[in-house]
Amino acid sequence: MNKNFGKSSVFSLFKGVPLSYILVALFLLQILLAVGLTAYLSISNGQKAVNEVASELRRQVANRVEQNLQTYLSTPRQLLRGNQNVIDIGLLKMENLATWESYLIKQLEIFPDAIALTVSNEQQEHLAIQKLNDRQFLLRFADKSTGYDLYTYRIDRQVQRTQLPEVIKNYDARSRLDYQAAVTAKKFSFSRIFTPLTEPTLLISASQPIYNSQGQLLGVNSTLTHISQIGDLLQNINVGKSGQVFIIERSGLLVASSTTEEPFRVQNGKPIRLAASQSGNSFTQASAKYLATKFSNFDQIQSLQQLDFFLDGKRQFLEVRPLQGEPNVNWLIIVAVPEADFIGQIDRNTQTTIFLCLGGLGLATLLGIVTARWITQPIVYFSTATKDLANFTNSEDSVVIVQGIKELEVLGGSFNKMMQQLRKTFSVLSTKNEELELQVKQRTQDLKQEIQERINSERRLGQHNQALAELANHRAISEGNLETAFKIITQKAANALEVERVGVWLFNGERTKLQCISLYERRNQIHSAGLERNLVDYPIYFKALASARTIILTHTRTDLRVQELWDELLEPNNIVSLIDTSIWVGGEVVGTVLYEQIKVPRTWELSEQNFVSSIAEFVALTLEVCDRKRAESALREAKEAAEVANRAKSTFLGNISHDLRTPLSSMLGITEALQDQVYGLVSPQQRQYLNMLESSGKNLLELINQILDLTDIESSKIELQLAATSIQGLCDSSLSFVKHLAFQKNIQLSVQVPEELEPIQVDEGRIRQVFINLLTNAIKFTKEGGKVWIEVQPNSTNEYIFFSVVDTGIGMLSDDLFKLFQPFVQVENSSTHRAAGTGLGLVMVQRIVELHGGTVHAESQLGKGSRFTVKLPWKKFGEWGVRTNY
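Analysis parameters
Residues numbered from 1 in each chain as written. Predicted model: local features only at pLDDT ≥ 70, side-chain atom pairs only at ≥ 80, totals over all residues. Heavy atoms only, no water. Helix = DSSP H or I, 4+ residues; strand = E, 2+ residues; numbered from the N terminus. Buried < 20%, exposed > 50% of the residue type's maximum accessible area, 1.4 Å probe, protein only. Contact = heavy atoms within 4.5 Å. Areas by Shrake-Rupley, 256 points an atom, 1.4 Å probe, with all protein chains shown as cover. Pairing = 2+ DSSP bridges. Patch = residues over 30% accessible without salt bridge, like charges linked within 9 Å, V, L, I, M, F, W, Y side chains within 5 Å. Salt bridge = Lys/Arg side-chain N within 4 Å of Asp/Glu carboxyl O. Lys, Arg positive; Asp, Glu negative; His and termini not counted. Charge placed at Lys NZ, Arg CZ, Asp CG, Glu CD. Phe/Tyr/Trp six-rings, centres within 6.5 Å; stacked < 30°, edge-to-face > 60°. Lys NZ or Arg CZ within 6 Å of the ring centre and 35° of its normal. Arc of directions from axis to C-beta. 1 Å grid on protein atoms, 1.4 Å probe; cavity = no way out; pocket = protein on both sides within 12 Å on 5 of 7 lines; lining within 4 Å. Points joined across faces, edges and corners; volume = space filled by probe spheres on them. Nonpolar A, V, L, I, M, F, W, Y, C, P; charged D, E, K, R; others polar. Core = buried A, V, L, I, M, F, W, Y, C linked by side-chain atoms within 4.5 Å. Axes fitted to C-alpha atoms, helices over the stretch in contact; angles between N-to-C directions.

Considerations on the overall build of the chain
The helix and strand tally for the chain stands at 17 helices and 29 strands. Out of the 886 residues belonging to the chain, those deemed buried represent 40%. Excluding contacts between residues fewer than 6 apart, the proportion of contacts in the chain whose partners are at least 24 apart in sequence is 58%. Element-wise, carbon and sulfur atoms account for 53% of the exposed surface of the chain, whose accessible area totals about 50800 Å².

Next comes the structure, spelled out in structure tokens:
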């Protein structure tokens, strides 16, 4: 296995560089990778630890703040719910607020976070207790006794009142915002944060509507609390070294902060709410501005968000958590912690790591230089010794001695053994080389022989293709000239296959004998015929021909299928190989094409087998063409005989019809004169016979006229007089001709023609004759009281138009429809065999319609009537060319 490192794209970069430099460079590269990876992992793990610690600290702080807020905001709920319970058990009455005074004072002492408690009822009464300090309270009271004026008193723990001069006339607590908000909410709720006029602070109230057992509103109980207490709670929470916690409303206004900053400013003696983005604390202000940029609307913050941003190039961690669970308290808790609170020690550890890595890099460089020199010196000596031994034929006694490194010593010993083995191998290779040269010469001779065989094969294939092409274009084959075609086929096949004899053999009619139609002998270039082989003499051979499409024999002496032919035919003619290919015509074997090889046995190649199959197909094609030519000749002779007979029939019918019509007309004239009593009186019995004579004569005259018309049509003597004809008029005039027949059987006649149809270009008289014949037949086979009508309908493209004559008559079987248009044939059944007729009416209809380029179609159902449809070419008038005859 050859490993060519010298041509590698990587090692080509070090071409000409000393090994010592390469080793030092590789050592340094390894150390740099190790040091760099160590530093990267150290910094990455430190950053990951910072993120985890910061995330956990923010989460814990936010949880603590949320718990404190929930505790702070639950105090008003507990207080007001307790009042509701006291009212429910009947200890306090909403109708008597005077009993609430001492109770509210006790509650203010129990709940120090509350600064005021109020209760108002629907009777316009109001009571409020506000804590001034631990000993004094402020009482505001209005009821019926005060005329619903609000009086203010200062009271102490002993409930001693000192009235103050402040009096508010006609005071109605029901108009207060907290009262109306509680009534609207119908449940406990907090108010919005607001600033009082009396002191600079932020307040929030909680209200609870009071209902009786019937759900009727009795009044509202409220409590008032300082927001500043939330700031005190936040200041007691430690957030790292310099972290902050602040609470804002969804509007961005500051609620409380863990810093000493108040959430409002005093302007003109009035407290004004402060937005977090306008805070005097830079960290609070930057955090609020980042959130305003991150979220266009604080209402979008519906879940916990952990974020980070940069302030003065330093990373800051944020956690924003919505406060939920209290009505109307929709605040955001924001915990902000600088990354610098966590990363100081990590930065110091990173610096130490970098210094240690640089020291390790310097030490590794020094060790790399020493190691490289220690390794390369023996290698240089070994390389010099190897160059001296490069030409081992001139240095048979050369020995390489290397000392220093154990591995190189082992390599030197192996090198010496390799040289000895190479000398032995060289001797063996010299011998093998001579043997290979002889094998190459022998293989070259074999290849030349194979090439020559391939050339011969291609030459024979070219001969086959040329012979097939010439046969395909030969006139004798296309004309079915058997004698000439078989001679050409056998000669072309013998020359292309280079065989001695090719013959075409055909079975006789009884398939008991094979007859040679054409035999070509290539050596003498002669054609012969007339040889025969009988089934009784060669039954096994005949059976083989019938069962196999092709018989392929390389040695005729040993094949059982032709053993019957050996003594008499094969051995005398020295035929050693042959191919018999069956000739298939009309799905059966009609003969065989026989190819015979003499003297030298022959193995038949696949291309030769395909060629003989193609030759058999040409023989079959010639036979088929010959049969077709004979059939065409017989058909042509039969057609000519039929035309002669038809002309004779037409001439005969025409002559006899003219000869019969003249005396028949005279007979009808004499009969009519006798009926008119021109020659004297006629008895009733004589008149009856005369009527019978007249009826029979008229039927006979009609038959003669129809025969003459049919004869004229078949002899093409009729010329159509085409003209634009109204379709409606054509139908109406046809019906008028058969009205008397319909009247006699009480049959209703009608016509269905679409409006505004364009005229049709026809011979009006001939087409009217068609409709009259169809209408007459319909009336004839329709019982009394039935219906007969004409339907007209063009197709969608106006290329054709359909005329249908429909009746409700006796109908006929579908098997009898094919007899309708045969001359002198009438369809008979139990209802029609008594009807008079010649059997030529429908034949005349069909001939006339076909002269117009149309067709006639019949439909019928026994007992339900018939429909005869005439399809005629039709275009809009003006688009037709003039046509005078057919």
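With respect to the pairing of strand β11 (residues 264-267)
As judged from the four bridges shared by β11 and strand β12 (residues 270-273), these two strands associate in the antiparallel manner. By the bridge assignment for β12, Val266 is matched with Pro271. Between β11 and β12, which pair antiparallel one after the other, the connecting turn spans two residues, and Asn268 there sits at a positive phi close to 55°.

As for unusual backbone geometry
We note that Glu498 has phi near 60°; this positive angle belongs to a residue other than glycine. Note that Glu498 resides in the loop between α9 (482-497) and β16 (501-507). The backbone of Asn798 sits at a positive phi, close to 60°, despite the residue not being glycine. Tracing the sequence through the fold places Asn798 in the loop between β26 (787-794) and β27 (800-807). Classification of Asn798 by relative accessible area gives partly exposed; the value is 26%.

Some remarks on a negative patch on the surface
Negative charge collects at one region of the surface, where Asp537, Asp567, Glu568 and Glu571 lie side by side. Residue Glu571 is classed as partly exposed on the basis of its relative accessible area, which comes to 45%.

Concerning the packing of aromatic side chains
Summed over the entire model, instances satisfying the criterion amount to six aromatic pairs. Taking 4.9 Å as the distance between ring centres and 15° as the angle between the ring planes, the aromatic pair formed by Tyr290 and Phe309 counts as stacked. Remark: Phe309 occurs in strand β13 (residues 305-311) and Tyr290 occurs in helix α5 (residues 282-294); sequence separation between them is 19 residues. Across from the ring centre of Tyr153, 5.2 Å away, lies the NZ or CZ of Arg161, which sits over that ring.

A short note on helix α2 (residues 101-110)
Among the residues making up α2, those that are buried are Glu101, Leu104, Ile105, Gln107 and Leu108. The buried residues of α2 all sit within an arc of 160° when viewed along its axis, so they share a single face. Exposed and oriented more than 90 degrees from the buried face of α2 are Lys106 and Ile110.

Here we look at empty space enclosed by the protein
Within the structure shown, the criterion is met by four cavities of 30 Å³ or more. Computed from the structure, the largest cavity encloses a volume of approximately 50 Å³. What lines the largest cavity is Thr118, Ser120, Ala173, Arg176, Asp178, Tyr179, Val220 and Ser222. Of all the elements in the fold, those that place two or more residues in the lining of the largest cavity are β1 (114-121), α3 (177-185) and β8 (217-226). The class makeup of the residues in the lining of the largest cavity is three nonpolar, three polar and two charged.

Examining the environment of Ile105
Tracing the backbone through its elements, the reader meets Ile105 in helix α2. Along the chain, Ile105 and Leu117 lie twelve residues apart, while their C-alpha atoms are 8.6 Å from each other. Contact partners of Ile105, with chain neighbours within four places excluded, come to Ile129, Phe137 and Ile155.

Some remarks on the nonpolar core
In terms of nonpolar packing, the biggest core is built from 52 residues, with Val65, Trp100, Leu127 and Trp331 touching the most fellow members. Among the elements that take part in this core, helix α1 (residues 19-89) stands out by supplying eleven residues, more than any other. With residues near it in sequence (within four places) discarded, Leu127 still touches Leu97, Trp100, Glu101, Leu104, Leu117, Thr118, Val119, Leu139, Arg140 and Phe141. Among the nonpolar cores identified, the runner-up in size contains 36 residues, and Val788, Val856, Phe868 and Trp874 belong to it.

Overview of the layout of surface pockets
Taken as a whole, the second largest pocket holds about 990 Å³ of empty space. As for the second largest pocket, its lining consists of 33 residues, of which Arg176, Phe194, Pro196, Leu203 and Leu224 are closest to the centre. At the level of elements, β1, β2 (126-131), β5 (161-168), α3, β6 (189-190), β7 (203-211) and β8 are the ones that each hand at least two residues to the lining of the second largest pocket. Partitioning the lining of the second largest pocket into residue classes produces 16 nonpolar, eleven polar and six charged.

Quick look at the sheet that holds β1
Sheet architecture is open: eight strands sit in the order β5-β4-β3-β2-β1-β8-β7-β6, paired in antiparallel fashion. This sheet does not close on itself; its edge strands, each paired only once, are β5 and β6. Direction of pairing for strand β4 (residues 150-155) relative to β5: antiparallel, over a ladder of five bridges. By the bridge assignment, Leu150 is partnered in β5 with Ile168. On the sheet, α2 packs against β1, β2, β3 (137-142), β4 and β5 and is oriented at approximately 30° with respect to β2.

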